[in-house]
Amino acid sequence: MECRERYFLIAADLSFTGDEPYFEAVDRAGVYPITQQYASECGYSVSVLPQPGHIELKASYFSCHTENKDDKMFTFNFNLIATDKGKQVAYVLNKTCSPPLAWSPREVTCEVNYMEAYMSATSAWQVMFHRAGLQMAPMTLSEARTQHYVFDLTDGRLVFRTPYGQPDSFENTVNGVPLEVIHATLFSRQGWVVLMVDLVAACSMYEGSLDNGYLVWKTPELLYPKVPVIDAQIKTGLNGNLLEQSTSEERGYAVEKHNATIQLKVPYNTEGAYRKSFVVGDLYEFYILNMYMELVLLDNNHVDTRLRFHRPLSTPLLRHQIVTENRTVVEDREFNIYIGSIPQDVELAAVELNGKEFTVLFKELSMCTNCSSSSMCTICVAALSNTYSYTLKMPFSDSIVIQKFHRTDEILRYKLDIKYTLVVLPENKPFYHLASIVTSVNATPPAIAAICSEWGIGFRMDHKPTNYLWDISIGPELLTAELADRHRYVMHNDSQTLLLDVPLLTYGYEYTDISLEKFSGTFEILIKDHETSEIHRSVLKTCSFSTSELISCSRNGQMTVVANVSLVIPTGGMPGSTHLNKNCTPIDADSTRVLFSIPLNSCGTTIKIVNQQVMYENEISYTPATTDKMASNVTHKVTVQCSYTLTWLYRLFSVFRFESDTVGVGRIIHTVSTTEGLQSTTLRPTTIPSTTESPYRLTLPFHPVSYYFRVPTQGLKSEEGETV
């Protein structure tokens, strides 16, 4: 309950009430229900906002049943009738007010449902109305009351009040603004003197309009053209409170004059406006504000007339746009979806992610909650000045997220279709807000760097989140720890980097440009699509190495060998005199080594098939001359072998030329034999030995080194004590 400048206000929020509450006026004579008609006659205005239980009563200081003491103290007594738990309850409300503003000689109030004018008081009055230039027959004030006109004579004021639309009022239009005007003349005969008072009330009936975010209301500047005005002051406000000019300007209020018309513009969502959400398929809203304007006119007699305008202005239903922003940062590996501009009478009830629905429950504002126990999704709520916002976070790795790899452009797309279920309070009317978020990530094959060293080739690959889309293979075999151990690769793989050292002369090399001094070694790593096994890229590295001893078994069936024959030639013998089966001689030789390069099916090469392996074998032999110093019963030879997996030689017997999917595995075996049946073998095959799985990583660089031993052939014993 508040005392305002020219009226008493009661505002009640009875959210528990069932039926619509109403007021009763109370005085010493009885109780008077305030109906719509009675309110307009007696100086009351009752408004029920579109929110259950919210009701307001405004009572003029000169309203009926109000105790008036010298126009300075006014006592109000009301009953508020409401329903609580099915029972009718009466709340007794009373208050005494003293107007904070002194009375002007003439005042006119244009309320929402009546017009009121008051000026200095006198006694023994009659009234005569004027309409369309005609004077109606005089009547007493009691007779006027029966026609719903109220005249009240206080000790210091004369009050005239009438509802809108009375028979004696008339409509007029000034500069396109509709007016309702009523003109009454009160007169009193005292002896030979007749005192006459003109009471004219004119109110703008402009209902207001919405223009570019502003609610606009208009009134003619000169409502009383016959009154000469030398000064006019305008103040504006809301809900019966006038604002300082600086405050109104700060809030965006604007008063403009066009063609003698005053135009008031107020932002529809200004502070103090009432807002309500509605669901009509989608989310809508409207705003209501109780406009208040005071116009003070000063005439040439320096008497002011104070005009007050109270008007409810409302917008039509406006579409409320909820804001959705994709704030996802790809490097964070999670969706970050913002949904904002949620009105305060709307809350989030559920969210559906790619068809899976979760109920959302927040215990308090500014907190986060998990969507469910089975998902890594979280939703956080934040309260802003007059709205809410929600932030949904979902890791890309969550099973709910849809992932699709577009192989043609090497793009990985993460998709999250979101359906928010929001409800308007207090009706709990639901509506839905949809969002489809797609985040694209470059999913190109991983970059692999390669570097040459004295002992082989090293590879490095930095891990990135999309590497799981690709397989790394050596030829047809997937690169695994087991494969690395089996082929004597040195591999280290952690969450950041894959390091692979490939020693020279191990599985996967191809050798070209082989000479006695040097050769080129090439190693290739394949990057394949994980699902289709299609090769997308390859990393091919070729390095030059110094030659000591080497065997190369090419894909097209060419065997190239650099072998050390110093152990199998007699003193003074020449390595160039060595030969293969069928006397094929080397193409180059130095003091200790020879170079052979032959097709696999030439020079007497033999073929064996053992355990799914096709083995091509030949021998480098030396037949001593009779002048050699070594005894003639000793034969010197070096065995060379190339082995291919049988499944990789699928064309071996279907075409005339040799074709293999991979290079072969080569071995060089040095042996010394005598005619007496004793044999000494130096086991240093240049080949790819098999090893068991090992959890250790070789931290020192691997240097392939050749070792040679000269031992006597007589008296050697094996571990079992047998003569070798």
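The structure under discussion appears in the preceding block.
The text that follows walks through the structure, step by step, so that each part is easy to find. Note that this is a predicted model, so its numbers are computed, not measured.

Before going further, it helps to examine the pattern of salt bridges. If you walk through the whole model with that rule in mind, you get 28 salt bridges. With a closest N to O distance of 2.8 Å, R6 and E107 form a salt bridge. In this pair, R6 sits in the loop between strand 1 (2-3) and strand 2 (7-13) while E107 sits in strand 10 (residues 106-110), placing the two residues 101 residues apart along the sequence. Each member of the pair, R6 together with E107, is buried. Across the pair D590 and R593 runs a salt bridge whose closest N-O atoms are separated by 3.0 Å. Judged by its relative accessible area of 12%, R593 is buried. Counted as one network, the salt bridges with shared partners bring together E5, R6, E107, E294, D304, R306 and R308.

Counting buried residues in strand 31 (residues 334-343) gives eight out of ten residues, a clear majority hidden from the surface. Relative to strand 31, strand 30 (residues 323-326) is paired through four bridges, and the arrangement is antiparallel. Across the sheet, V323 pairs through a bridge with G340, a residue of strand 31. Relative to strand 36 (residues 387-395), strand 31 runs antiparallel, the two being bridged by eight bridges.

The calculated volume of the largest pocket comes to roughly 780 Å³. Taken together, 30 residues form the lining of the largest pocket, with H183, V200, Y224, K226 and V227 sitting closest to its centre. Where the lining of the largest pocket is concerned, the elements lending two or more residues are strand 10, strand 11 (114-120), strand 12 (126-131), strand 13 (134-135), strand 17 (170-174), strand 18 (177-190) and strand 19 (193-204). It is strand 19 that contributes the most residues to the lining of the largest pocket, four residues altogether. When grouped by side-chain class, the residues that make up the lining of the largest pocket number 19 nonpolar, six polar and five charged.

Inspection of the entire model under this criterion finds 27 aromatic pairs. With a centroid separation of 5.1 Å and 75° between ring planes, the pair formed by F335 and F396 is classed as edge-to-face. Here F396 lies in the loop between strand 36 and strand 37 (402-406) and F335 lies in strand 31, a separation of 61 residues in the sequence. By relative accessible area, which is 1% here, F396 ends up buried. On the numbers, 5.5 Å between centres and 85° between planes, the contact of F405 with W470 is edge-to-face. With F405 in strand 37 and W470 in strand 42 (residues 470-474), this residue pair connects regions lying 65 residues apart in the sequence. With a relative accessible area of 5%, W470 lands in the buried category. Grouped by ring-pair contacts, the aromatic residues F8, Y44, Y61, F62, F74, F76, F78 and W103 constitute a single cluster. For R161, the ring lying beneath its charged end belongs to Y114, and the centroid distance is 5.9 Å. The ring of Y214 has K265 sitting right over it, with the charged end atom 5.0 Å from the ring centre.

A full pass over the atoms with the stated rule returns eight disulfides. Disulfide pairing places C368 opposite C380 at an S-S distance of 1.9 Å. Looking down the S-S bond of the C368 and C380 bridge, the torsion is 105°, so its handedness is right-handed. Of the two residues, C368 sits in strand 34 (residues 367-370) while C380 sits in strand 35 (residues 378-383), which places them twelve residues apart along the sequence. Given a relative accessible area of 44%, C368 falls into the partly exposed group. Disulfide partner of C553: C642, at an S-S distance of 1.9 Å. Torsion about the S-S bond of the C553 and C642 cystine: about -80°, corresponding to left-handed handedness.

About the thresholds
Residues numbered from 1 in each chain as written. Predicted model: local features only at pLDDT ≥ 70, side-chain atom pairs only at ≥ 80, totals over all residues. Heavy atoms only, no water. Salt bridge = Lys/Arg side-chain N within 4 Å of Asp/Glu carboxyl O. Helix = DSSP H or I, 4+ residues; strand = E, 2+ residues; numbered from the N terminus. Buried < 20%, exposed > 50% of the residue type's maximum accessible area, 1.4 Å probe, protein only. Pairing = 2+ DSSP bridges. 1 Å grid on protein atoms, 1.4 Å probe; cavity = no way out; pocket = protein on both sides within 12 Å on 5 of 7 lines; lining within 4 Å. Points joined across faces, edges and corners; volume = space filled by probe spheres on them. Nonpolar A, V, L, I, M, F, W, Y, C, P; charged D, E, K, R; others polar. Phe/Tyr/Trp six-rings, centres within 6.5 Å; stacked < 30°, edge-to-face > 60°. Lys NZ or Arg CZ within 6 Å of the ring centre and 35° of its normal. Disulfide = S-S within 2.5 Å.

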